[in-house]
Amino acid sequence: MLATRAQRLKPSATLALNAKAHDLTRAGRDIVSLAVGEPDWDTFNYIKEAAKKALDEGFTKYTPAAGIPDLRAALVERTKIDLGLTYEPNQALVGLGAKHVIYNLLQVLCNPGDEVIIPTPYWVSYPVMAELAEAKVVAPVCSQKTNFKLSPEVLKNVLSAKTKVIILNSPNNPTGQVYTAEELKNLANVLERTGVWVISDDIYDRMVFTGDSIVPNIAQVNEKLRERVLLVNSMSKTYSMTGWRLGSVIGDKRVIDACANFQSQSSSSGVTFAQKGAVQALLGPQKDFEEALKELASRKSIVSKCLTEANIEFLEPQGAFYFWPSIEKFLGRRTPQGTEIKTSTEFSAALLDLEGVAVVPGIEFGMEGFVRLSYALNEKRLCEGMSRIQRFVSSLN
Ligand code: PMP
Ligand code: GLU
């Protein structure tokens, strides 16, 4: 009855697990959700005030499909401040979150059979979105030896005449790892000689703990490649605006115009008064975000300490708000009830069942033997979640 496309489609694992955690909480269980990647603090006040003012002023009608001119200009201005790169406002487009923007980009760039390189581990929705564009997913595994980052050697191996797009994401979801400028330069040198488009998913670019205000970007390190780099960003994480559904892309005007046409026939523009809030978010005082980042850094150290105490191996994340610990050594062990844990999915199910802690199985990010923990929740609940994890792993035999 349903189209094959719909029959094959499974829900986003991160959103599905979050929904399950909410359902269990509503049913009366005490659940600590480390599943969804969502800041637990509210959208900053100065942003809400701008959206309220826009509503009061009757800013409630359709806007151009690509976004309101002042938001397109603000996106370009923010990019100049952050990356030192100059674009025209007509090279910026507003969509309903980075998810929507990446989906649309793949729709306008890929013909059936084109290849999309998605370094693994990857954010859960990339492969599904590429498949919905009838592209072929090429998902090279990025080993722990390279800190789960794509190396130029692996990139060379998977590039083909059919490669149309590569998706890069730094800081990375799920690993929290950050590409250095040198590493990006080496990848750019390989990509420069091709016609491949680079979708640079920069939604965590300012959520970084290295002391820098932003991570290096591939568009900065190679002038020739720059024209094929599409800078994707979002209001969701930096400004804690996940529910406002606003994301953006900046880059080649032909691609931006194609996305605008695509949106004009599908979703239309982002929510009108929310866009006014976004202008304020981007250009207003950034000190609320800086405070939030300090808080995140302190939560990160709690998780580091607890994982170390529980003898769980992990690579220290440098950005975003995720840990990607290895659970390899627990696979093959049994819970006190006698259930054998063979996969990350079973690990995560048993942890939720026995201790009421939700984490996302690594396999959802394309890699077995790991789980992803999101630590964007308050210190008290985070400590509670971490001590339950410690108890859970020490109960396995
Ligand atoms: N890219 C990455 C890497 C993500 O983790 C997410 C989820 N927050 C998104 C894109 C989509 O974010 P949004 O649609 O809320 O802007
Ligand atoms: N991207 C976030 C995550 O990875 C939010 C959920 C989603 O959109 O997948 O958890």
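About the thresholds
Residues numbered from 1 in each chain as written. Chains lettered and ligands numbered in written order. Predicted model: local features only at pLDDT ≥ 70, side-chain atom pairs only at ≥ 80, totals over all residues. Heavy atoms only, no water. Domains from an automatic or database assignment. Contact = heavy atoms within 4.5 Å. Buried area = accessible area lost by both parts, 1.4 Å probe. Salt bridge = Lys/Arg side-chain N within 4 Å of Asp/Glu carboxyl O. Helix = DSSP H or I, 4+ residues; strand = E, 2+ residues; numbered from the N terminus. Expected span 1.5 Å × (residues − 1). Buried < 20%, exposed > 50% of the residue type's maximum accessible area, 1.4 Å probe, protein only. Axes fitted to C-alpha atoms, helices over the stretch in contact; angles between N-to-C directions. Parallel < 35°, antiparallel > 145°, perpendicular 65-115°, else oblique. Nonpolar A, V, L, I, M, F, W, Y, C, P; charged D, E, K, R; others polar. Near = heavy atom within 4 Å. Polar contact = N/O pair within 3.5 Å; in protein donor to acceptor, adjacent residues only side chain to side chain. Areas by Shrake-Rupley, 256 points an atom, 1.4 Å probe, with all protein chains shown as cover. Pairing = 2+ DSSP bridges.

Another point: the domain arrangement of the protein chain. The parts lose accessible area when they come together, and the size of an interface is often stated as this lost area. Under the domain assignment used here, the protein chain contains domain 1 (4-30 + 288-395) and domain 2 (45-283). Taking only C-alpha atoms into account, the centre of domain 1 sits 26 Å from that of domain 2. The interface of domain 1 with domain 2 comprises 29 residues on the first partner and 31 residues on the second. Summing both sides of the interface, domain 1 and domain 2 together bury roughly 2,600 Å²; the carbon and sulfur share of this comes to 68%. Looking at the side of domain 1 facing domain 2, the largest losses of area belong to F289, L315 and Q318, adding up to 26% of the total buried there. Counting every contact that joins domain 1 to domain 2 gives zero salt bridges. For the side of domain 1 that touches domain 2, the secondary structure elements donating two or more residues are α2 (13-26), α13 (287-309) and β9 (322-323).

Okay, helix α12 (residues 272-283) next. Taking 1.5 Å of rise per residue, the 12 residues of α12 would be expected to cover 16 Å, and the 18 Å separating its terminal C-alpha atoms lies within 8% of that figure. Among the residues of α12, those classed as buried are T272, A274, Q275, G277, A278, V279, A281 and L282. Elements that come into contact with the buried residues of α12 comprise α3 (45-56), α4 (69-83) and β2 (92-95).

Turning our eyes to something else, we now look at the packing of helix α5 (residues 98-109) against helix α11 (residues 253-265). At a closest axis distance of 9 Å, the pairing of α5 and α11 adopts a crossing angle of 105 degrees. With respect to α11, the axis of α5 lies roughly perpendicular. Listed contacts from α11 to H100, Y103, N104, L105, Q107, V108 and L109 of α5 are V255, A258, C259, F262 and Q263. Taken together, the residues of the contact of α5 with α11 break down into eight nonpolar, four polar and no charged.

Attention now moves to the site of ligand 2. Surveying the vicinity of ligand 2 reveals the residues S12, T14, L15, V36, G37, K99, W123, N173, K237, Y322 and R372. In this structure, G37 approaches ligand 2 through a main-chain N or O atom, which is 2.7 Å from an oxygen atom. Protein chains bury 89% of the 280 Å² of accessible surface belonging to ligand 2 in isolation. Here the residues of the shell around ligand 2 sort into four nonpolar, four polar and three charged. In this structure, the shell around ligand 2 is formed jointly by two domains, domain 1 (4-30 + 288-395) and domain 2 (45-283), each of which donates at least three residues.

A few words on the site of ligand 1. The environment of ligand 1 is formed by 14 residues, the closest being N173, D201, Y204, S234 and K237. Taking K237, its side chain carries an N or O atom lying 2.4 Å from a nitrogen atom of ligand 1. One of the side-chain nitrogen or oxygen atoms of R245 is found 2.8 Å away from an oxygen atom of ligand 1. Calculation on ligand 1 without its partners gives an accessible area of 390 Å², and the protein chains cover 93% of this total. Partitioned by chemical class, the residues of the shell around ligand 1 number five nonpolar, five polar and four charged.

Strand pairs in the sheet, formed through backbone hydrogen bonds, run parallel or antiparallel to each other. Across the sheet, which stays open at both edges, the seven strands sit in the order β2-β8-β7-β6-β5-β3-β4 with mixed pairing between neighbours. Whereas interior strands pair on both sides, the edge strands pair on one side only; in this sheet they are β2 and β4 (136-138). Shown here is a sheet whose adjacent strand axes are inclined to one another by a mean of 20 degrees, direction ignored. Across five bridges, strand β5 (residues 163-169) lies against strand β6 (residues 197-201) in parallel orientation. Within β6, the position partnered with I166 by the bridge is V198. Packing against the sheet, helix α6 (residues 125-132) makes contact with β3 (115-117), β4, β5 and β6, and its axis sits at approximately 150 degrees to β4.

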